[in-house]
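# Reading the structure
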Amino acid sequence: MMLSVAEALARILAPFSPLAGEVVGIDRAVGRVLAEPVAARLSQPPAAVSAMDGYAVRGTDIARLPAKLKVIGTIAAGMSPEMPVNAGEAARIFTGAILPPGADTVVIQENCARDGDVVSVGEGSNKPGQHVRAAGNDFRLGEIGLSAGRQLTARDIAFAAAMNWPNLTVTRRPRIALLSTGDELQHPGEPLGPAQIVASNGIGLAALVTACGGESINLGIARDNMADLNRALDGARGADVLVTTGGASVGELDLIQRALQEKGADLDFWKIAMRPGKPVMFGTLDKLPVLGLPGNPVSALVTATLFLRPIVERLLGRTDAETGPSMARLGTALKANDQRQDYLRATVGRGPDGGLVATPFAKQDSAMLSLIAKADALIIRPPHAPAANAGDLTEILPLAGGCLSI
């Protein structure tokens with residue numbers, strides 16, 4: 001019996017939980033996932049500061065304009081002013097400098113005229129409290145700035161640094177062991193026999209794992225014999241997940257199930273009602289989760305997007321992943337679907353109304369990598385979906401951006 005995609009995903013994700021955290025320097029934390037929240041270690045700004053170049057004054061002294069005030073000194077950013085601004089006085093001040101005691105307002109220099117130690121304040125500059133950034137205006141001591149489960153961007157790194165964190169606790173990168181199987185496979189660049197093809201699955205899945213924040217372990221290519229499969233499977237020790245491609249179906253030369261079972265693996269299922277990607281297998285080998293994906297390159301990438309990506313995100317403890325389906329209008333009519341959920345490679349553009357329009361490729365052969373490379377999204381067709389017309393709404397899974405850039 002074939003499982004639905006939803007049921008298979010639930011069973012796959014059930015045994016996984018976030019990995020332990022590790023401390024890294026903030027300069028190496030971009031792209032990592034926070035294991036602990038980041039709270040501000042200080043208030044920013046630490047005191048009221050000037051937002052402009054000008055003069056720090058008392059608001060009451062400029063209630064009526066024009067006004068003339070005595071300049072008692074100059075304050076630049078980084079200085080700690082001690083001399084107070086009394087009635088009838090002003091202090092020359094620059095952007096980012098702390099306001100001196102007594103001052104509560106900044107008059108911009110464009111509205112002032114300086115003559116020696118006297119500054120004349122012109123019209124249009126008498127709003128009390130203007131051009132001042134209050135203490136803690138950006139963030140306050142103890143405030144949670146970044147939540148656990150967030151994948152850190154360059155903006156987040158700058159924010160964490162401003163909150164005075166030189167190191168951050170991030171989730172350890174999941175270690176994903178990748179094993180390709182098949183006598184017909186050769187590594188890119190190696191000589192090819194007349195019946196051989198280039199092995200692209202391992203490299204493509206390694207790229208997906210890296211894009212999702214994991215670390216791939218290349219177990220190479222295992223040939224279609226039990227001795228080579230057993231040798232390769234032994235190399236997965238220490239990984240968090242083992243992913244195999246090829247050999248997960250039920251043909252005479254599909255040996256990966258047999259090899260795993262002979263090693264004592266407990267296989268949960270090996271068929272999913274989807275296209276492409278029906279022969280997907282999941283189980284455990286000595287507590288090591290094993291995800292078996294199809295050997296067809298497109299099937300491998302599609303099923304990895306649907307099942308391997310969520311595994312990596314679960315292990316990372318991500319709470320900010322926004323990789324679910326979107327809606328678009330069909331660019332062409334589609335026939336009624338059968339009992340399997342379809343994932344059709346499609347281009348996505350904008351219609352006359354500015355909305356998204358998804359147009360599937362005429363060919364959907366699961367061995368054609370050229371089309372998955374050109375695709376912008378996968379059109380999701382549920383089991384037994386009725387025929388659809390051009391312009392009808394449909395779910396799509398975007399393939400562009402971050403972890404979904406397959």
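Up top is the structure these notes are about.
Everything in this summary refers to the structure shown in the same document. (Residues numbered from 1 in each chain as written. Predicted model: local features only at pLDDT ≥ 70, side-chain atom pairs only at ≥ 80, totals over all residues. Heavy atoms only, no water.)

## So, the overall build of the chain
Secondary structure summary: the chain contains 7 helices and 26 strands in total. Compactness check: the chain gives a C-alpha radius of gyration of 31 Å against a globular reference of 22 Å for 406 residues, more than 25% above the reference. The principal-axis extent of the C-alpha atoms belonging to the chain is close to 95 × 50 × 40 Å. Within the chain, contacts between residues at least 6 apart in sequence are counted, and of these 71% link residues at least 24 apart. As displayed, the chain has an accessible area near 19,200 Å², and 52% of this comes from carbon and sulfur atoms. Mean positive and mean negative side-chain charge positions of the chain (38 and 40 charges, respectively) differ by 2 Å. (Helix = DSSP H or I, 4+ residues; strand = E, 2+ residues; numbered from the N terminus. Rg over C-alpha atoms; globule rule 2.2 N^0.38 Å. Contact = heavy atoms within 4.5 Å. Areas by Shrake-Rupley, 256 points an atom, 1.4 Å probe, with all protein chains shown as cover. Lys, Arg positive; Asp, Glu negative; His and termini not counted. Charge placed at Lys NZ, Arg CZ, Asp CG, Glu CD.)

## Concerning the sheet that holds strand 5 (residues 67-75)
Here 6 strands make up an open sheet; going across it, the order is 7-4-6-5-9-8 and the pairing mixed. Every other strand in the sheet has two partners, leaving strand 7 (105-108) and strand 8 (112-115) as the edge strands with one partner each. Neighbour-to-neighbour, the strand axes of this sheet turn through a mean angle of 35 degrees, independent of strand direction. Direction of pairing for strand 4 (residues 54-57) relative to strand 7: antiparallel, over a ladder of 4 bridges. Residue pairing in the sheet places Y55 in a bridge with V107 of strand 7. (Pairing = 2+ DSSP bridges. Axes fitted to C-alpha atoms, helices over the stretch in contact; angles between N-to-C directions.)

## Digging into the packing of aromatic side chains
Here the structure, examined in full by the defined rule, presents 3 aromatic pairs. Between the aromatic rings of F16 and F282, the centroid separation amounts to 6.5 Å while the plane-to-plane angle is 50 degrees, which identifies the pairing as tilted. Of this pair, F16 sits in the loop between helix 1 (5-13) and strand 1 (21-25) while F282 sits in strand 20 (residues 281-285); the two residues are 266 residues apart in sequence, bridging distant segments of the chain. Pair check on accessibility: F16 and F282 agree, each one buried. An aromatic cluster is present here, built from F16, F269 and F282 joined pairwise through their rings. Residue placement shows R41 over the ring face of W165; its charged tip is 3.8 Å from the ring centre. Here the guanidinium or amino end of R92 rests over the ring plane of Y55, the centre of that ring lying 5.3 Å away. (Phe/Tyr/Trp six-rings, centres within 6.5 Å; stacked < 30°, edge-to-face > 60°. Buried < 20%, exposed > 50% of the residue type's maximum accessible area, 1.4 Å probe, protein only. Lys NZ or Arg CZ within 6 Å of the ring centre and 35° of its normal.)

## Focus on the sheet that holds strand 21 (residues 288-293)
Strand order in this open sheet of 6 strands is 16-13-17-21-20-18, and the pairing throughout is mixed. At either end of the open sheet lies a strand with only one pairing partner, and these are strand 16 (215-222) and strand 18 (266-269). Here the average twist between neighbouring strands, direction ignored, is 20 degrees. When strand 17 (residues 241-245) meets strand 21, the two strands line up parallel, connected through 4 bridges. Residue L242 lies in a different strand from strand 21, and its bridge partner there is V290.

## Details of the pairing of strand 8
With 4 bridges connecting them, strand 8 and strand 9 (residues 118-121) associate as antiparallel partners. The residue of strand 9 that forms the bridge with R114 is V119. Between strand 8 and strand 9, which pair antiparallel and follow one another directly, the connecting turn spans 2 residues, one of which, G116, has a positive phi of 65 degrees.

## As for the packing of helix 1 against helix 6 (residues 297-316)
It is at 10 Å that the axes of helix 1 and helix 6 come closest, and there the two elements cross at 35 degrees. Crossing geometry of helix 1 relative to helix 6 is assigned as right-handed. Touching V5, A8, L9, I12 and L13 of helix 1 are L306, F307, P310, I311 and R314, all from helix 6. The residue inventory of the contact of helix 1 with helix 6, partitioned by class, reads 9 nonpolar, no polar and 1 charged. (Left-handed = near helix turned anticlockwise from the far one by under 90°. Nonpolar A, V, L, I, M, F, W, Y, C, P; charged D, E, K, R; others polar.)

## Structural notes on the packing of helix 3 (residues 201-212) against helix 6
The geometry of helix 3 relative to helix 6 is characterised by a closest axis approach of 10 Å and an angle of 30 degrees between their N-to-C directions. Taken together, helix 3 and helix 6 sit at an angle that is classed as roughly parallel. Remark: the crossing between helix 3 and helix 6 carries right-handed chirality. Taken together, the residues of helix 6 that come into contact with helix 3 (itself represented by N201, G204, L205, L208, V209 and C212) are P297, A300, L301, A304, T305, L308, R309, V312 and L316. Among the residues making up the contact of helix 3 with helix 6, the classes are represented as 11 nonpolar, 3 polar and 1 charged. (Parallel < 35°, antiparallel > 145°, perpendicular 65-115°, else oblique.)

## Things to note about the pattern of salt bridges
Throughout the structure, instances matching the rule amount to 13 salt bridges. Residue D338 pairs with R275 through a salt bridge whose shortest N-O separation is 2.8 Å. Of this pair, D338 sits in the loop between strand 22 (326-330) and strand 23 (341-350) while R275 is found in strand 19 (residues 274-275), placing the two residues 63 residues apart along the sequence. Among the residues examined, D338 registers a relative accessible area of 28% and is labelled partly exposed. Look at R275 and you get partly exposed, because its relative accessible area is 28%. A single salt-bridge network, built from bridges that share partners, covers E7, R11 and D268. (Salt bridge = Lys/Arg side-chain N within 4 Å of Asp/Glu carboxyl O.)

## Quick look at the pairing of strand 17
Among the 5 residues of strand 17, 5 are classified as buried, and the element is accordingly described as predominantly covered. Of the two faces of strand 17, both are covered, the one formed by V241, V243 and T245 as well as the one formed by L242 and T244. Note that strand 13 (residues 175-181) and strand 17 share 5 bridges and pair parallel. In the strand pairing of strand 17, S180 is matched with T245.

## So, the layout of surface pockets
Taken as a whole, the largest pocket spans an internal volume of roughly 380 Å³. Surrounding the largest pocket, 25 residues form its lining, E184, G246, P294, G295 and N296 being those nearest its centre. When the residues that make up the lining of the largest pocket are grouped by side-chain class, the tally is 9 nonpolar, 13 polar and 3 charged. Considering only enclosed or pocket space, the second largest pocket measures out at about 320 Å³ in volume. (1 Å grid on protein atoms, 1.4 Å probe; cavity = no way out; pocket = protein on both sides within 12 Å on 5 of 7 lines; lining within 4 Å. Points joined across faces, edges and corners; volume = space filled by probe spheres on them.)

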